[in-house]
Amino acid sequence: MRRSNREIPEEICLEILIRLPVKSILKCKSVCKSWLSLISKPNFAKLHLDIAVQRKNSRSLILRGQNELIYSRVYDESLKSTSFSEIEEDFVVGIEDYPFKSSGYKIKLIGSCNGLVCLLFYDDDLVSSMGEENFCVWNPGTKEFKKIHFQLSNSVNFQVCVYAFSYDAQNDSYKLLRLAFGGGVNVYTLGSNSWKTIPAGNYIWLSYGNEVLVNGYLHWLAISGSRMIIVSLDISNEEFKEIQLPVELVENKRLNIIADGVLEGCLYLLVKVDEVGVEFWVMQDYGFRESWTKRYVITNEIVTNGRCLSILWNFKNGEILFMEDGGLILYDPKHESAIERKLTSLTGVTSEKKYFETFVSLNSGTYMGRGQIEESDES
């Protein structure tokens, strides 16, 4: 005898649904009222997010040029089961559409967090001629989006800024940050739909250093006076602190930092040293300058000659997958060997953010592909 869906305990249905891809979940909403009710519950998106985080199936959301978004394939331990040299151009695939694509504006990839992507739209001058900046937070999985405006003051026609987008776990909200060179920091909170200004030091933010999230703090490379430092921001309390660079780097003036990021939960720096190679520094004990450790020096020319290096993935066997402008590099620290795979699909990359698909809602009520695009009254 065939059993009805109604005979399946609700908790079992829930455990199945939260493990499905977003596209499948959207289809399941139309199957029956009980499934729609489960998926519509406030805690469903959080449970689905928790599963997505545990799976650690990461990919990259990549901006190529000024207006072309592409995805990488999922990269994880399974990548080791095939020959790295056999990776083809289909390692990345194009994104057919995103909010306001037809507007003609160029885009800047600000950040990606818990399946939400933040974009900045701009013209040739990077700032809209209307005296405002236009952002969009978008869930590519559900196609929901929310447009956000930042009104520039009458006295400011142009500001050089760095931007960040992150999750405030303590207050269960998402925040967009706008850090102007030499001064003000503006914070937009998605939950309250509002902007505010918070105090910050007189920092010059280094645009080549992307924000790095460790221990609930965002980090940027910056200049303060004549010193290069790392500036951290507590996302929840919105307070800044300074972290000093390794003593050896400062004393020997080896400050050609080509990348910073997080590896195995620790801050890292890639430092290019003439006639030596690339030094790999890791802060073993967060916040303690003395814990900076030079884990190894990379002398392999495939890596040292790489342009715009960033770490995509570190494998359990210690090998590291780098992305460079125009390809991928798999480096083995144990044997100091490297394999390079040139990919024209990765030529002209201007930014890269980690991304995984989730069911997180923006509560905007605005979706792509429904015949009309509504604009909310964001301030």
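Our subject is the structure listed above.
Residues numbered from 1 in each chain as written. Predicted model: local features only at pLDDT ≥ 70, side-chain atom pairs only at ≥ 80, totals over all residues. Heavy atoms only, no water.

A.B. asks: If you had to explain the overall build of the protein to someone new, which residues and values would you point to?
C.D. replies: Secondary structure assignment for the protein yields six helices and 25 strands. Expressed as a percentage of contacts within the protein between residues at least 6 apart in sequence, the contacts between residues at least 24 apart total 48%. With the model as given, the accessible surface of the protein reaches about 19200 Å², and the carbon-plus-sulfur share is 49%. (Helix = DSSP H or I, 4+ residues; strand = E, 2+ residues; numbered from the N terminus. Contact = heavy atoms within 4.5 Å. Areas by Shrake-Rupley, 256 points an atom, 1.4 Å probe, with all protein chains shown as cover.)

A.B. asks: Run through the sheet that holds strand β7 (residues 144-151), naming residues and quoting values.
C.D. replies: For sheets, the rule is that strands pair by backbone hydrogen bonds, running either parallel or antiparallel. Read across the sheet, four strands follow the order β4-β5-β6-β7 without closing on themselves; strand pairing throughout is antiparallel. If you trace the sheet from one side to the other, it starts and ends with β4 (106-113) and β7, each paired once. Geometrically, the sheet is characterised by an average inter-axis angle of 20 degrees between neighbouring strands, direction not taken into account. (Pairing = 2+ DSSP bridges. Axes fitted to C-alpha atoms, helices over the stretch in contact; angles between N-to-C directions.)

A.B. asks: Report on unusual backbone geometry, specifying residues and quantitative values.
C.D. replies: The backbone of N114 shows a phi angle near 55 degrees, a positive value even though the residue is not glycine. Note that N114 resides in the loop between β4 and β5 (116-122). For D172, which is not glycine, the phi dihedral falls at a positive 50 degrees. Position of D172 relative to the elements: it lies in the loop between β8 (161-168) and β9 (173-180).

A.B. asks: Residues and numbers for the sheet that holds strand β2 (residues 68-72), please.
C.D. replies: Within the open sheet, the four strands sit side by side as β3-β2-β1-β25. Their pairing is antiparallel. A single partner strand is all that each edge strand has here, and the edge strands are β3 (92-94) and β25 (349-355). Taken pair by pair, the neighbouring strands of this sheet meet at an average axis angle of 30 degrees, ignoring direction. As defined by bridge partners, β2 adjoins β3 across three bridges and the pair is classed as antiparallel. When the bridges of β3 are listed, Y71 appears paired with V93.

A.B. asks: So what's going on with a nonpolar patch on the surface? Residues and values would help.
C.D. replies: A cluster of nonpolar residues, I8, I12 and I16, forms a patch on the protein surface that exposes about 240 Å² of accessible area. Mapped onto the secondary structure, I12 falls in helix α1 (residues 10-17). (Patch = residues over 30% accessible without salt bridge, like charges linked within 9 Å, V, L, I, M, F, W, Y side chains within 5 Å. Salt bridge = Lys/Arg side-chain N within 4 Å of Asp/Glu carboxyl O.)

A.B. asks: Describe α1, and please don't skip the residues or the numbers.
C.D. replies: Taken together, the buried positions of α1 are occupied by C13, L14 and L17. Buried residues in α1, looked at end-on, bunch into an arc of 100 degrees, giving them a common side. Looking at the buried side of α1, the elements it contacts are α2 (22-28), α3 (33-40) and α4 (44-55). (Buried < 20%, exposed > 50% of the residue type's maximum accessible area, 1.4 Å probe, protein only. Arc of directions from axis to C-beta.)

A.B. asks: Explain the side chain of E238 to me, and be specific about the residues and the numbers.
C.D. replies: Looking at the element boundaries, E238 is found in the loop between β15 (227-234) and β16 (239-243). Here E238 falls in the buried class, since its relative accessible area comes to 13%. Polar contacts involving the side chain of E238 include one to the side chain of K175, which spans 2.8 Å. For E238, the contacting residues outside a window of four places in its chain are K175, V187, K196, I198 and L233. (Polar contact = N/O pair within 3.5 Å; in protein donor to acceptor, adjacent residues only side chain to side chain.)

A.B. asks: Residues and numbers for the pairing of strand β22 (residues 320-324), please.
C.D. replies: Most of β22 sits out of view: five of its five residues are buried. Of the two faces of β22, the one lined by I320, F322 and E324 and the one lined by L321 and M323 are each fully buried. As paired elements, strand β21 (residues 310-314) and β22 share four bridges and run antiparallel to each other. What sits directly across from S310, in β22, is M323. Two successive antiparallel strands, β21 and β22, enclose a turn made up of five residues, where G318 displays a positive phi of approximately 95 degrees. Of the strand pairs in this sheet, β22 and strand β23 (residues 327-332) are connected by five bridges, and their pairing is antiparallel. Across the sheet, F322 pairs through a bridge with I329, a residue of β23. Between β22 and β23, which pair antiparallel in sequence order, lie two residues; one of them, G326, sits at a positive phi of approximately 105 degrees.

Such coordinate-based values are descriptive only and should not be taken to indicate function.
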